[in-house]
Amino acid sequence: MPTEFMTEKFVKDRKSLWPSLFDVEKMKKNRPIYLEKMRELLKQVEEKYAPKSENQQWILPGQHPTFADLNLGWTLKWALYQLRLKKEEGMRETDFPHLYRWLSRYAEHCKRGEKELKRELKGDEAKEMILNSKAEYQPVEHYEKESISIGTPVQIFATDCRDIHPQSGKIVAINQRETVIDLGNGLRMHHPRNGFKVVPEPNQSKL
């Protein structure tokens, strides 16, 4: 990440999650290593995933983009354009022509989608749509901790950083794929099982 993005507020926030790992000076020193790893990733996308035939526009065959395009497209667009990695040696359009051609197509598709919406969705309107939507999730299939069941107050933590900034709520569903909790304000949040851990809310009543 370019140093100009590392504001005091940003660094403070990241250090709260990874206090021993987020060392700005060390990151500056290791930037050439990180850039080389990024080049390796771009090479993989260029060789394995970016469409090369004029008859194929997207990663998977078909007339429309799929989750594969959406999942990969936004991350590369963010890294190459917003973080300006496209200006780095070995990461330019001439280095990965198929990747950039596909990414440009992806960006145009997103712009067309925005125009088709024709209007902005205001905050209150979005809130109403969310609160009035139908909840969809699978019921409990199993859970390895007997202390956690439907209605249990829990905290959910990301597992790629230290235990901080948990999301609290009551279990309404849990299965092999996801955990769903009620936040108590009309919203229900879905967390993947992979990458998150679920623990009982501390000091919860035993009654």
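Attention in this report is confined to the structure presented alongside it. Since the model is a prediction, treat every value here as computed from it, not as a measurement. (Residues numbered from 1 in each chain as written. Predicted model: local features only at pLDDT ≥ 70, side-chain atom pairs only at ≥ 80, totals over all residues. Heavy atoms only, no water.)

**Points about the overall build of the protein chain**
When helices and strands are counted, the protein chain shows six helices and five strands. In the protein chain, the succession of α and β elements from N to C terminus is α-α-α-α-α-α-β-β-β-β-β. When the 207 residues of the protein chain are sorted by exposure, 28% land in the buried category. Residue pairs at least 24 apart in sequence account for 56% of intrachain contacts in the protein chain once pairs closer than 6 positions are excluded. When the accessible surface of the protein chain is totalled, it reaches about 15,000 Å², and 52% of it is carbon and sulfur. (Helix = DSSP H or I, 4+ residues; strand = E, 2+ residues; numbered from the N terminus. Buried < 20%, exposed > 50% of the residue type's maximum accessible area, 1.4 Å probe, protein only. Contact = heavy atoms within 4.5 Å. Areas by Shrake-Rupley, 256 points an atom, 1.4 Å probe, with all protein chains shown as cover.)

**A look at empty space enclosed by the protein**
Applying the stated criterion across every chain yields a total of one cavity of 30 Å³ or more. One number sums up the size of the largest cavity: a volume of about 60 Å³. Lining the largest cavity are P51, K52, S53, E54, Q56, H98, R101, W102 and R105. Within the lining of the largest cavity, the residues separate by chemical class into two nonpolar, three polar and four charged. (1 Å grid on protein atoms, 1.4 Å probe; cavity = no way out; pocket = protein on both sides within 12 Å on 5 of 7 lines; lining within 4 Å. Points joined across faces, edges and corners; volume = space filled by probe spheres on them. Nonpolar A, V, L, I, M, F, W, Y, C, P; charged D, E, K, R; others polar.)

**Description of the sheet that holds strand β4 (residues 188–192)**
The antiparallel open sheet is built from five strands, whose spatial order is β4-β3-β2-β1-β5. This sheet does not close on itself; its edge strands, each paired only once, are β4 and β5 (196–200). Here the average twist between neighbouring strands, direction ignored, is 45°. (Pairing = 2+ DSSP bridges. Axes fitted to C-alpha atoms, helices over the stretch in contact; angles between N-to-C directions.)

**Quick word on the pattern of salt bridges**
In the structure shown here, the tally under the stated rule is nine salt bridges. Note that D163 and K197 form a salt bridge whose closest N and O atoms lie 2.8 Å from each other. Taken together, the residues D163 in the loop between β1 (153–158) and β2 (167–174) and K197 in strand β5 connect sequence positions 34 residues apart. Taking relative accessible area as the criterion, K197 reaches 31% and is therefore assigned partly exposed. (Salt bridge = Lys/Arg side-chain N within 4 Å of Asp/Glu carboxyl O.)

**What about the pairing of β2?**
Looking at chain direction, β1 and β2 are connected through four bridges and run antiparallel. Following the sheet pairing, I156 is matched in β2 by Q167. In this sheet, strand β3 (residues 178–182) lies alongside β2 in antiparallel orientation, the contact comprising four bridges. Looking at the pairing, I171 lines up with I181 of β3. Hairpin connection from β2 to β3: three residues lie between these consecutive antiparallel strands.

**Focus: the nonpolar core**
Formed by 19 residues in total, the largest nonpolar core has its most connected members in M38, L42, L76, L80, L85, L99 and L103. For this core, the secondary-structure elements that each account for two or more residues are α3 (31–49), α4 (67–82) and α5 (97–117). Among the elements that take part in this core, α5 stands out by supplying five residues, more than any other. If you look at the next biggest cluster of nonpolar residues, it comprises six residues, including I148, I171, I181 and V198. (Core = buried A, V, L, I, M, F, W, Y, C linked by side-chain atoms within 4.5 Å.)

**Some details on the packing of α3 against α5**
Contact geometry of α3 with α5 gives a least axis separation of 8 Å together with a crossing angle of 80°. It follows from the interaxial angle that α3 and α5 lie roughly perpendicular. Across the interface between the two elements, L42, V45 and E46 from α3 touch P97, H98 and L99 from α5. (Parallel < 35°, antiparallel > 145°, perpendicular 65-115°, else oblique.)

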